[in-house]
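# Fold and geometry: a report
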Amino acid sequence: MKYSKATNYALHTMLHLVSTAPEQLVSVHQLAELQKVSPTYLSKILTKLVKAGMIESTSGANGGYRLSRKNPDPSFLEIIHAIEGQASLFECSQNHNEGCLIQQVMVQAEEEMESFLNNKKMSELASEMKSGSAHSQ
């Protein structure tokens, strides 16, 4: 199982924004430089996060991005869904009925993973970073 690079960049971006003062705007160039990625590519990811209501954007010379006031503490799952969508990771290739045992196992595993990711908040990682118990973003 593998998430896209866009999800990787989105998670790191959100961790940075959670760690930043709520009123402070961060430019796409600052965020791109931190992650050594193209600002054009990152702005496409940021657009998805804005549409999902996780971050707010302000245009102009002093513009940038900050956490949404509506959702200041997003979960990993919310961020992943904003980038990857909500499609199931596993789709049974056989034309079985709904009682396919393999499908049942895979759905249960996905539900458990999603539950874990939904309960894991970005603020938890930001707190760990501030206390020095995490190495880096």
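We now turn to the structure provided with this report. (Residues numbered from 1 in each chain as written. Predicted model: local features only at pLDDT ≥ 70, side-chain atom pairs only at ≥ 80, totals over all residues. Heavy atoms only, no water.)

When helices and strands are tallied, the chain shows six helices and two strands. The N-to-C order of helical and strand elements in the chain reads α-α-α-β-β-α-α-α. Along the first, second and third principal axes, the C-alpha atoms of the chain reach 55 × 35 × 30 Å. The buried share of the chain, reckoned over its 137 residues, is 32%. With an accessible surface of roughly 8,900 Å², the chain has 52% of that area assigned to carbon and sulfur atoms. Taking the 12 positively charged and 14 negatively charged side chains of the chain as two groups, their mean positions are separated by 11 Å. (Helix = DSSP H or I, 4+ residues; strand = E, 2+ residues; numbered from the N terminus. Buried < 20%, exposed > 50% of the residue type's maximum accessible area, 1.4 Å probe, protein only. Areas by Shrake-Rupley, 256 points an atom, 1.4 Å probe, with all protein chains shown as cover. Lys, Arg positive; Asp, Glu negative; His and termini not counted. Charge placed at Lys NZ, Arg CZ, Asp CG, Glu CD.)

Attention shifts here to the nonpolar core. If you look at the biggest cluster of nonpolar residues, it comprises 29 residues, and the most contacted ones within it are Met 14, Leu 42, Ile 45, Leu 46, Leu 49, Ile 79 and Met 122. Among the elements of the structure, helix H1 (5-19), helix H2 (28-35), helix H3 (39-51), strand S2 (64-67), helix H4 (76-84) and helix H6 (122-131) are those that each provide at least two residues to this core. Broken down by element, the residue count for this core peaks at eight residues, all from H1. Other than its neighbours up to four places away in sequence, Leu 42 contacts Tyr 9, Thr 13, Val 28, Leu 31, Ala 32, Gln 35 and Val 37. (Core = buried A, V, L, I, M, F, W, Y, C linked by side-chain atoms within 4.5 Å. Contact = heavy atoms within 4.5 Å.)

Bringing the pairing of strand S1 (residues 55-58) into the picture now. Relative to S2, S1 runs antiparallel, the two sharing four bridges. Within S2, the residue paired with Glu 56 across the bridge is Arg 66. Between S1 and S2, which follow one another and run antiparallel, lie five residues, and Gly 60 among them has a positive phi close to 110°. (Pairing = 2+ DSSP bridges.)

Turning our eyes to something else, we now look at the pattern of salt bridges. This model, assessed by the stated rule, comprises two salt bridges. Two residues, Glu 56 and Arg 66, come together in a salt bridge whose shortest N-O distance is 3.2 Å. Placement of the pair is Glu 56 in strand S1 and Arg 66 in strand S2, with a sequence separation of 10 residues. Judged by relative accessible area, Glu 56 falls into the partly exposed class, the value being 23%. Put simply, Glu 124 and Lys 120 hold a salt bridge, and the shortest N to O gap is 3.2 Å. Accessibility expressed as a relative area gives 32% for Glu 124, which makes it partly exposed. Residue classification places Lys 120 among the partly exposed residues on the basis of a relative accessible area of 24%. (Salt bridge = Lys/Arg side-chain N within 4 Å of Asp/Glu carboxyl O.)

This part covers the packing of aromatic side chains. Enumeration according to the criterion identifies one aromatic pair in this entry. With 5.8 Å between their ring centres and 85° between their planes, Tyr 9 and Tyr 41 make a pair best called edge-to-face. Separated by 32 residues along the polypeptide, Tyr 9 in helix H1 and Tyr 41 in helix H3 bring together distant segments of the chain. (Phe/Tyr/Trp six-rings, centres within 6.5 Å; stacked < 30°, edge-to-face > 60°.)

Let's shift gears to the packing of H1 against H3. Look at H1 against H3: their axes get within 10 Å of each other, and the N-to-C directions meet at 70°. By the angle between their axes, H1 is roughly perpendicular relative to H3. Here Lys 5, Ala 6, Tyr 9, Ala 10, Thr 13 and Met 14 of H1 come into contact with H3, specifically with Tyr 41, Leu 42, Ile 45, Leu 46 and Leu 49. When the residues that make up the contact of H1 with H3 are grouped by side-chain class, the tally is nine nonpolar, one polar and one charged. (Axes fitted to C-alpha atoms, helices over the stretch in contact; angles between N-to-C directions. Parallel < 35°, antiparallel > 145°, perpendicular 65-115°, else oblique. Nonpolar A, V, L, I, M, F, W, Y, C, P; charged D, E, K, R; others polar.)

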